[in-house]
Amino acid sequence: MRRFGAFLLGWCGGCLLDESARVGLAMETMDIPAGSGRRLAALYHPPTSADRGRGVLILNPLGQEAVRAHRLLRVLADRLARLGVHVLRFDFHGCGDSSGDDLDGEMKGWQLDALAAHQALRRRSGVDAIGWLGIRLGFAVGWQAAARFAGGRDARLTLLTEGPPPDRLIGWDPVVQGQGYLDVLWEDHRAALRRAFSLPTVPDAQLRRQKNEADLSEAMGFALSPRLVRHIRALDTQDWQTVPVAHLAALQANGALPWPEAKRPASLTLVPVDVDFDWTSEEALNTPLVPDAALKRLLPWLSEEVFHA
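Residues numbered from 1 in each chain as written. Predicted model: local features only at pLDDT ≥ 70, side-chain atom pairs only at ≥ 80, totals over all residues. Heavy atoms only, no water.

**Observations concerning the overall build of the protein**
Defined as follows: Strands are runs of DSSP state E lasting at least 2 residues, helices are runs of H or I lasting at least 4, and numbering of each runs from the N terminus. The contact definition used throughout considers only heavy atoms, calling two residues in contact when any of these lie within 4.5 Å. Using the Shrake-Rupley algorithm and a 1.4 Å probe, accessible areas are obtained, with residue cover drawn only from the displayed protein chains.
The secondary structure content of the protein amounts to 9 helices and 10 strands. Excluding contacts between residues fewer than 6 apart, the proportion of contacts in the protein whose partners are at least 24 apart in sequence is 76%. In the form shown here, the protein has an accessible surface area of approximately 12900 Å², with 52% of it arising from carbon and sulfur atoms.

Shown next, in the form of structure tokens:
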């Protein structure tokens, strides 16, 4: 259920399957079973130069942010493939071309989706050295999913955590403040409604009712389940000191939600980049859709065999 989709950026512009139908792109579609009837739509980018024996799994951000980041991630995947890296992009359950509806999306299920996609990339590529790139909320999902390699008693989790865990988790504007992130979504949603209807003040009463009664039930045309909202809020009390991967790094653009100093792990490499990137913008505005400064940082972190901060 994608509300107000007509006045937001054309949603199909961010569809994986739509992209795969275009010619001239070195990629192949994958359909990944993730249990309980869940099917994940994915695109695999094979290496187009000497195989480095490395893979990268890309974890999307939420809703409109995923639409906004679509071109960036396609370009990034293409450049990594040219460097000899196996890359997999996919849509979480309830998102994009994968099974489910907006209201089916929640972070615990997405953790299992990430693990299923990780195993699919291992099988397709034949490599075990895999790094994860998490954009915005995708970083938090990746953190929680990687932590599941540390243990699990049910058979399903055992299958999803076969082989080595990801050796690195890279973030871009990682979301580690739950309520702060919800506040950002709320303000962006309110601004989008005002722009869409050309009404600077009229929607306020309606918006207040929505926020109070439905607990932020929608953000930029994408419905949010109460469970997802609870999971996002729970990030404020999450343990960020127990790092689930060998190497941890993140980019932080101008205006991004900061990582609270008291919760920042000592092993984190956090690099500010002078990029103004509006994650929920419906238009390019004055920000680059594929900021070169960010790509120059991300490519070596993701492609090199030995991680260098």
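**A look at the packing of aromatic side chains**
Any pair of aromatic rings gets described here by the distance separating the centres and the angle formed by the planes. Put simply, the rule is: Planes of paired rings set the category: under 30 degrees apart is stacked, over 60 is edge-to-face and the rest tilted, where pairs are Phe, Tyr or Trp rings (Trp by its six-membered ring) whose centres lie within 6.5 Å.
For the coordinates displayed, the defined rule picks out 11 aromatic pairs. Seen in terms of ring centroids, F139 and W259 are 5.8 Å apart; in terms of plane orientation they differ by 75°. Their pairing is edge-to-face. Of the two residues, F139 sits in helix 4 (residues 137-147) while W259 sits in the loop between strand 9 (247-253) and strand 10 (268-273), which places them 120 residues apart along the sequence. A ring pair is formed by W172 and W279, whose centres lie 5.1 Å apart and whose planes are at 75°; its orientation type is edge-to-face. Residue W172 is found in strand 6 (residues 168-172), and its partner W279 is found in the loop between strand 10 and helix 9 (292-303); the two are separated by 107 residues along the sequence.

**What to know about the nonpolar core**
Heads up, the rule is: Note on terminology: a nonpolar core comprises buried Ala, Val, Leu, Ile, Met, Phe, Trp, Tyr and Cys residues joined through side-chain atoms within 4.5 Å. Each residue is placed in one exposure class: buried if its accessible area under a 1.4 Å probe, protein chains only, is under 20% of its type's maximum, exposed if it is over 50%, and partly exposed if it falls in between.
Of all hydrophobic cores here, the largest spans 56 residues; its most connected members are I32, L57, L88, M107, W110, W132 and L137. No other element matches the 9 residues that helix 3 (residues 107-125) contributes to this core. In contact with L57, not counting residues within four places along its chain, are L88, F90, A114, A117, H118, L121, I130, G131, W132 and L133. Core analysis: the next-biggest nonpolar cluster, separate from the first, contains 30 residues, L72, V75, W172 and A294 among them.

**What to know about the environment of P300**
Considering the arrangement of structural elements, one finds P300 in helix 9. When the C-alpha atoms of P300 and L83 are compared, they prove to be 9.7 Å apart, with 217 residues separating the residues in sequence.

**Here we look at the layout of surface pockets**
As a reminder of what qualifies: Cavity: a set of points on a 1 Å grid over the protein atoms alone where a 1.4 Å probe fits but cannot get out. Pocket: an open set with protein on both sides within 12 Å along at least five of seven lines, its lining residues, like those of a cavity, having an atom within 4 Å of a point. Grid points are joined across faces, edges and corners, and a volume is the space filled by probe spheres set on the points. Note on residue classes: Ala, Val, Leu, Ile, Met, Phe, Trp, Tyr, Cys and Pro are nonpolar, Asp, Glu, Lys and Arg are charged, and everything else, Gly too, is polar.
The computed volume of the second largest pocket comes to approximately 190 Å³. Lining the second largest pocket are 14 residues, with R136, V184, G255, F277 and W279 sitting closest to its centre. When grouped by side-chain class, the residues that make up the lining of the second largest pocket number 6 nonpolar, 3 polar and 5 charged.

**Some points on empty space enclosed by the protein**
Across all of its chains, the model carries 3 cavities of 30 Å³ or more by this definition. Along the walls of the second largest cavity sit L62, G63, Q64, E65, L185, A219, M220, F222, L224 and T280, which together make up its complete lining. Residue composition of the lining of the second largest cavity, grouped by class: 6 nonpolar, 3 polar and 1 charged.

**Some details on unusual backbone geometry**
Note on backbone geometry: most residues besides glycine have negative phi, and most peptide bonds are trans. Phi at R136 takes a positive value of approximately 55°, unusual for a residue other than glycine. Summarising the element assignment, R136 is placed in the loop between strand 5 (129-135) and helix 4. Of note in this structure, M220 is not a glycine but carries a positive phi near 55°. Summarising the element assignment, M220 is placed in the loop between strand 7 (218-219) and strand 8 (222-223). Taking the relative accessible area as the measure of exposure, M220 reaches 2% and is therefore buried.

**Some thoughts on the side chain of Q111**
Checked against the element boundaries, Q111 lands in helix 3. Setting aside residues up to four positions removed in sequence, Q111 forms contacts with V141, Q144, A145 and R148.

**Here's the deal with the sheet that holds strand 5**
Here is the rule: For two strands to pair, DSSP has to find at least two bridges joining them. Axis lines are fitted to C-alpha atoms, over the contacting stretch for helices. Their N-to-C directions set the angle, which ranges from 0 to 180 degrees.
If you trace the 8 strands from one edge of the open sheet to the other, you get 1-2-4-3-5-6-9-10, paired in mixed fashion. Edge positions in the sheet fall to strand 1 (28-33) and strand 10, since each has one partner strand and no second. Averaged over all adjacent pairs, the angle separating strand axes in this sheet is 20°, with direction ignored. Two strands pair when backbone bridges link them, and strand 3 (residues 54-59) and strand 5 are joined in this way by 6 bridges, in the parallel orientation. The residue bridging L57 from the neighbouring strand is W132, located in strand 5. Sheet strands touched by helix 9: strand 3, strand 4 (85-90), strand 5, strand 6, strand 9 and strand 10. Its angle to strand 6, the strand with the most contacts, is close to 170°.

**A word on the packing of helix 2 (residues 64-82) against helix 9**
Pairs of packed helices are described in terms of their axes, by the angle between the two and the distance that separates them. To be explicit about the condition: Should an angle fall under 35 degrees it is taken as roughly parallel, and over 145 as roughly antiparallel, whereas 65 to 115 is taken as roughly perpendicular and any remaining angle as oblique. We call a crossing left-handed when the near helix sits turned anticlockwise from the far one by less than a right angle, and right-handed when that turn is clockwise.
Two elements in contact, helix 2 and helix 9, have axes whose closest approach is 11 Å; the angle formed by their N-to-C orientations is 45°. One element, helix 2, and the other, helix 9, form an angle in the oblique class. Considering only the axes of helix 2 and helix 9, their crossing is right-handed. Packed against helix 2, whose contacting residues are L72, V75, L76, R79 and L80, the element helix 9 presents D292, L295, L298, L299, L302 and S303 at the interface. Its residues placed into classes, the contact of helix 2 with helix 9 shows 8 nonpolar, 1 polar and 2 charged.

**Here we look at the packing of helix 3 against helix 4**
One can describe the packing of helix 3 onto helix 4 by two numbers: an axis separation of 9 Å at closest approach and a directional angle of 75°. As judged from the angle between their axes, helix 3 and helix 4 are roughly perpendicular. Where helix 3 abuts helix 4, its residues M107, W110, Q111, A114 and L115 lie against L137, A140, V141, Q144 and A145. Residues belonging to the contact of helix 3 with helix 4 are distributed by class as follows: 8 nonpolar, 2 polar and no charged.

Read these as spatial facts, not as claims about activity.
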